[in-house]
Amino acid sequence: MCENSEIRKLFPAIAENNGIIYFDNAASTQKPEIVLQKVAEYNRSGHANIHRGAYHWSVEATATYEMTRRKTAEFINAESPEQIVFTRGTTESINLIASSYGRSQIKEGDRIVVSLLEHHSNFVPWQQLALEKKAYLDFLNIDPAGNLIESEWDRVITPGVKLVAITMMSNVLGITTPIDKIIEKAHAVGAVVVVDAAQAIQHQKIDVRALDADFLAFSAHKCFGLTGTGVLYGKKELLESMPPYQFGGDMIEYVTKEKTTFAPLPEKFEAGTANIDGVIALSAAIDFIEEIGWGKIREIEQDLTGYAIQKMKMTDHVIIYGNPASMYEKGPVISFNIEGVHPHDVSSILDNVGIAVRSGHHCAQPLMKELAIQSAVRASFSIYNTKAEIDYFAEKLKEVRRWLGYGS
Amino acid sequence: MDLSQIYTEVITEHNRSTHNRRSLPEVTHKEHGHNPSCGDDITLELDIKEDKIIDAAFTGTGCAISQASTSMMIDLIKGLSVTAAKEKTEAFLGMIKGQKTEAELEDVLEDAVILANIKNMPARVKCAVLAWHTLDEVLKKQLGQ
Ligand SMILES: Cc1ncc(COP(=O)(O)O)c(C=O)c1O
Ligand SMILES: [Zn+2]
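Here the residue index of a chain counts from 1 through its sequence in written order. Numbering of ligands from 1 and lettering of chains from A proceed in the order in which they are written. It should be noted that, the model being predicted, local features are given only for residues of pLDDT at least 70 and side-chain atom pairs only at 80 or more, the latter also being counted only at that level, while totals for whole chains, interfaces and linings use all residues. Water and hydrogen atoms play no part in the side-chain values, which are based on all heavy atoms of the structure.

Chemist: Talk me through the interface of chain B and chain A; I want residue IDs and the actual numbers.
Modeler: Many structure descriptions define interface size as the accessible area lost when the parts assemble. Here, two residues are considered to be in contact whenever any of their heavy atoms come within 4.5 Å of each other. Residue-level contacts link 20 residues of chain B with 14 residues of chain A. Taken together, both faces of the contact between chain B and chain A bury some 1300 Å²; the carbon and sulfur share is 52%. A side-chain nitrogen of Lys or Arg and a carboxyl oxygen of Asp or Glu constitute a salt bridge if their distance falls within 4 Å. Our count for the contact surface shared by chain B and chain A stands at one salt bridge. Close ionic contact of Asp345(A) with Arg124(B) constitutes a salt bridge, the shortest N to O distance being 2.8 Å. Here a polar contact means two N or O atoms within 3.5 Å. Within protein one must be a hydrogen donor candidate and the other an acceptor candidate, and residues neighboring in sequence count only if both atoms are side-chain atoms. Taken together, the links from chain B to chain A amount to seven residue pairs in polar contact (both at pLDDT 80 or more). We count a stretch as a helix when DSSP gives it H or I for four or more residues in a row; a strand needs E for two or more, and each element gets its number in order from the N terminus. In terms of residues, the side of chain B that touches chain A owes the most to one element, helix 1 (residues 9-16) of chain B, which gives three residues. Grouping the constituent residues of the side of chain B that touches chain A by class yields 11 nonpolar, six polar and three charged. Defined here as a combined quantity, buried area equals the accessible surface (1.4 Å probe) lost by two parts on assembly, summed across both. As a working rule, the residues Ala, Val, Leu, Ile, Met, Phe, Trp, Tyr, Cys and Pro are called nonpolar, Asp, Glu, Lys and Arg charged, and the rest polar, with Gly in that last group.

Chemist: Just give me the short version of helix 13 (residues 343-351) of chain A, but keep the residues and values in it.
Modeler: Across the nine residues of helix 13 of chain A, eight count as buried, placing the element largely inside the fold. Summary of the burial criterion: residues with accessible area below 20% of their type's maximum are buried, those above 50% are exposed, and those between are partly exposed, where the area comes from a 1.4 Å probe applied to protein chains only. Among all positions of helix 13 of chain A, only Pro343(A), His344(A), Asp345(A), Val346(A), Ser347(A), Ser348(A), Ile349(A) and Leu350(A) are buried.

Chemist: Tell me about the site of ligand 1, and name the residues and values.
Modeler: Residue and element names in this part refer to chain A. Each residue is tested against the molecule or strand, and it is near if at least one of its non-hydrogen atoms lies within 4 Å. The environment of ligand 1 is made up of Gly89, Thr90, Thr91, His119, Ser121, Asn171, Asp196, Ala198, Gln199, Ser219, His221 and Lys222. One nitrogen or oxygen atom from the side chain of Thr91 is found 2.5 Å from an oxygen atom belonging to ligand 1. Within the side chain of Ser219, an N or O atom sits 2.7 Å from an oxygen atom of ligand 1. Surface accessibility follows the Shrake-Rupley procedure with a 1.4 Å probe radius. Residue values consider only the protein chains on display as shielding. In isolation ligand 1 offers 400 Å² of accessible surface; the protein chains occlude 84% of this area. Here the shell around ligand 1 is composed, by residue class, of one nonpolar, nine polar and two charged.

Chemist: Before we move on, could you go through the sheet that holds strand 12 (residues 333-338) of chain A and cite the residues and values that matter?
Modeler: All names here are of chain A. The rule for pairing is simple: two strands pair if DSSP sees at least two bridges between them. Ordered by their spatial adjacency, four strands build an open sheet running 11-12-15-14, and the pairing between neighbours is antiparallel. Looking at strand neighbours, the two that pair on one side only are strand 11 (318-321) and strand 14 (358-360), the edges of this open sheet. Across this sheet, the average inter-strand angle for adjacent strands is 30 degrees, counted without regard to direction. For strand 11 and strand 12, the ladder comprises four bridges, and the chain directions are antiparallel. Its bridge partner lying in strand 12, Tyr321 is registered against Ser335. For helices, the fitted line uses only the C-alpha atoms of the stretch in contact; every axis is such a line through C-alpha atoms, and the angle between N-to-C directions lies from 0 to 180 degrees. Relative to the sheet, helix 12 (residues 294-313) contacts strand 11 and strand 12, its axis offset from that of strand 12 by approximately 10 degrees.

Chemist: Lay out the domain arrangement of chain A with the relevant residues and their values.
Modeler: Residues and elements named next belong to chain A. Looking at the assigned domains, one finds that chain A contains domain 1 (5-24 + 293-403) and domain 2 (35-290). Boundary definitions for the domains trace back to an automatic or database domain assignment. Put simply, the middle of domain 1 and the middle of domain 2, counted by C-alpha atoms, are 28 Å apart. Taken together, the contact pairs 35 residues of domain 1 with 30 residues of domain 2. When domain 1 packs against domain 2, the two sides together hide about 2500 Å² of surface, and 63% of this comes from carbon and sulfur. Taken together, the connections running from domain 1 to domain 2 amount to zero salt bridges. Across the domain 1-domain 2 interface, the total number found is 14 residue pairs in polar contact (both at pLDDT 80 or more). Looking at the side of domain 1 that touches domain 2, the elements with two or more residues in it are helix 12, strand 12 and helix 14 (365-370). A per-element tally of the side of domain 1 that touches domain 2 places helix 14 first, with five residues. For the side of domain 1 that touches domain 2, the residue count by class is 20 nonpolar, nine polar and six charged.

Chemist: Describe the packing of aromatic side chains, with residues and values.
Modeler: Residue and element names in this part refer to chain A. In summary, the pairing rule links any two rings of Phe, Tyr or Trp, Trp by its six-membered ring, whose centres are within 6.5 Å, and it sorts them by plane angle into stacked for under 30 degrees, edge-to-face for over 60 and tilted for everything else. Inspection of the entire model under this criterion finds 14 aromatic pairs over all chains. The interplanar angle of 25 degrees and the centroid separation of 6.1 Å between the aromatic rings of Phe75 and Trp294 together place this pair among those described as stacked. With a gap of 219 residues between them, Phe75 in helix 4 (residues 56-75) and Trp294 in helix 12 connect regions that are remote in the sequence. A residue is classified by how much of its surface remains accessible, and Phe75, at 3% relative accessible area, is buried. Aromatic pair Phe336 and Phe393: ring centres 6.0 Å apart, planes at 75 degrees, arrangement edge-to-face. One end of the pair, Phe336, is in strand 12; the other, Phe393, is in helix 15 (residues 387-403), with 57 residues separating them in the sequence.

Chemist: Account for the side chain of Ser335(A), naming residues and giving values.
Modeler: Locating Ser335(A) in the fold gives a position in strand 12. Polar contacts involving the side chain of Ser335(A) include one to the main-chain carbonyl oxygen of Val172(A), which spans 2.6 Å.

Chemist: If you had to explain the pairing of strand 5 (residues 161-167) of chain A to someone new, which residues and values would you point to?
Modeler: All names here are of chain A. In terms of burial, strand 5 is a largely internal element, six of the seven residues being buried. In the sheet, strand 3 (residues 111-115) pairs with strand 5 via four bridges, with the strands oriented parallel. Each residue of the ladder has a partner; that of Arg111, found in strand 5, is Val161. In this structure, strand 5 lies alongside strand 6 (residues 192-196), joined through five bridges in parallel fashion. Bridged to Thr167 within strand 6 is Asp196.

Chemist: So what's going on with a nonpolar patch on the surface? Which residues, and what values?
Modeler: Residues and elements named next belong to chain A. Taken together, the side chains of Phe247, Ile252, Val255 and Phe262 define a hydrophobic patch exposed on the protein surface, amounting to about 370 Å² of accessible area. When you line up the elements, Ile252 lands in strand 9 (residues 252-255). You can call Ile252 partly exposed: its relative accessible area is 33%. Two joining distances apply to patches: 9 Å for like charges and 5 Å for nonpolar side chains (Val, Leu, Ile, Met, Phe, Trp, Tyr), and every residue must have over 30% relative accessible area and no salt bridge.

Chemist: Could you give an account of the pattern of salt bridges, with specific residues and numbers?
Modeler: In this structure the tally under the stated criterion is 30 salt bridges over all chains. In this structure, Lys86(B) engages Glu90(B) in a salt bridge whose closest nitrogen and oxygen atoms are separated by 3.4 Å. Linking Lys86(B) with Glu90(B), this pair stays in helix 3 (residues 82-96), spanning four residues, or about one helical turn. Residue classification places Lys86(B) among the buried residues on the basis of a relative accessible area of 10%. Each of Asp24(A), Arg358(A) and Arg378(A) takes part in one network of salt bridges that share partners.

Written out as structure tokens, the structure is:
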């Protein structure tokens, strides 16, 4: 009997698919029954478009949608629901900031700072904005263990920096960043901070007010929700000052032949028919997380991660990337390589025995370059994974090199 | 599917063989091929004179399948006319698409027929065809296509 067998039962894809070990949770998590049920219930009991009809179904749908906005605001401790904009995902949230805030506020010669831990979706939008505006792009470097080099910050985050884009947790190394310190430094020079919470969201309580984050983005599919749904949080005065990102239905107030006035927050940023299914699923996913509790989530994940690292370190020819000063700063994401075997071969070989891990550059090519590797294998855990699965994984890791003709 | 069908001795041998992994003294054609998704990256060097592939070699990095496929391809095309190499290219790509069977192609593709099983591993098809597509770029230009 495994320690979290009760939790496993709550996920049909886990409970009903014995034989598959899903270790790609950093890419996307499985969905609990309750999330699937809520979406089905909504569609069975009558779906309608929101914010438009005066009839019952539409009123109900609108109420659920707006209730989720309030719930999401509470989930990350935002002051008010209109600071929560529903998007397609982290990527769209960040592009919205870059397009709307970035294009209107960043000027030639300004400086933008990003870290080398970033996922492409919190890197490329800023690089492209800098190119467009003839602004400078500066970097927060990492040491060989994957930790941000704090001693450099006073040199990089200086007056003239207008925006800092930083992840809360690396999707490759699982390392969490000292986000509060970075925000403090950035604010001291008058820069706004865009926080990528795509990885952090499923592992820890996020409090945007305590962090004093200016913008924060995450995706529902990485915290037990559906794909195609994301959240953008922003400080009210920033969101209010920003021009719309897309134009169309839902985001307008009055339209004449000559001009248009725009709806207030948050509709101003929600053009077109919303992803109602996804938002309803997010509501259920938040309930689910709060039901399990952050303490329990953290405990299971830390336990699995520590156990996996210990097992992997005992396996010959395994190289693990990302070693924070303390395990407390490591989320359940482990990137590694097996000497002499390309990561792509490793993942095919593990797939052959029912273990799903990711291989490649993990949408973080600048980070891979820093680590002096082209690609890596990544195993990432969630609350439904078990030590027994890790034992099996560790056994199979030992066999990988034999497939390629090595003696051991 | 049995993975051992693919990771057989031949692949292993080719992957570790160094005879085709080098730079040529005389290069008339150089072509770069890349699979962004898994990072397979090869540079193919050819010495083509009077319509004949005098010599061929490659440099690069990537998974066992991409590297083995490249090496096996080079063994097959060395000494051939451009037209004959083009025929092999079509045979190989046809095999991966499942249009021709291994048995039909055994004589044409020799060892490389073991890669026919890649069609059962959709995530790895790109690895197997990278070298052949890279070669095809050169051959098409050479044949004025
Ligand atoms: C750290 C980080 N940022 C951003 C993203 C992009 O998220 P999405 O693809 O859901 O927009 C991911 C997803 O892999 C991520 O891990
Ligand atoms: Zn490959």
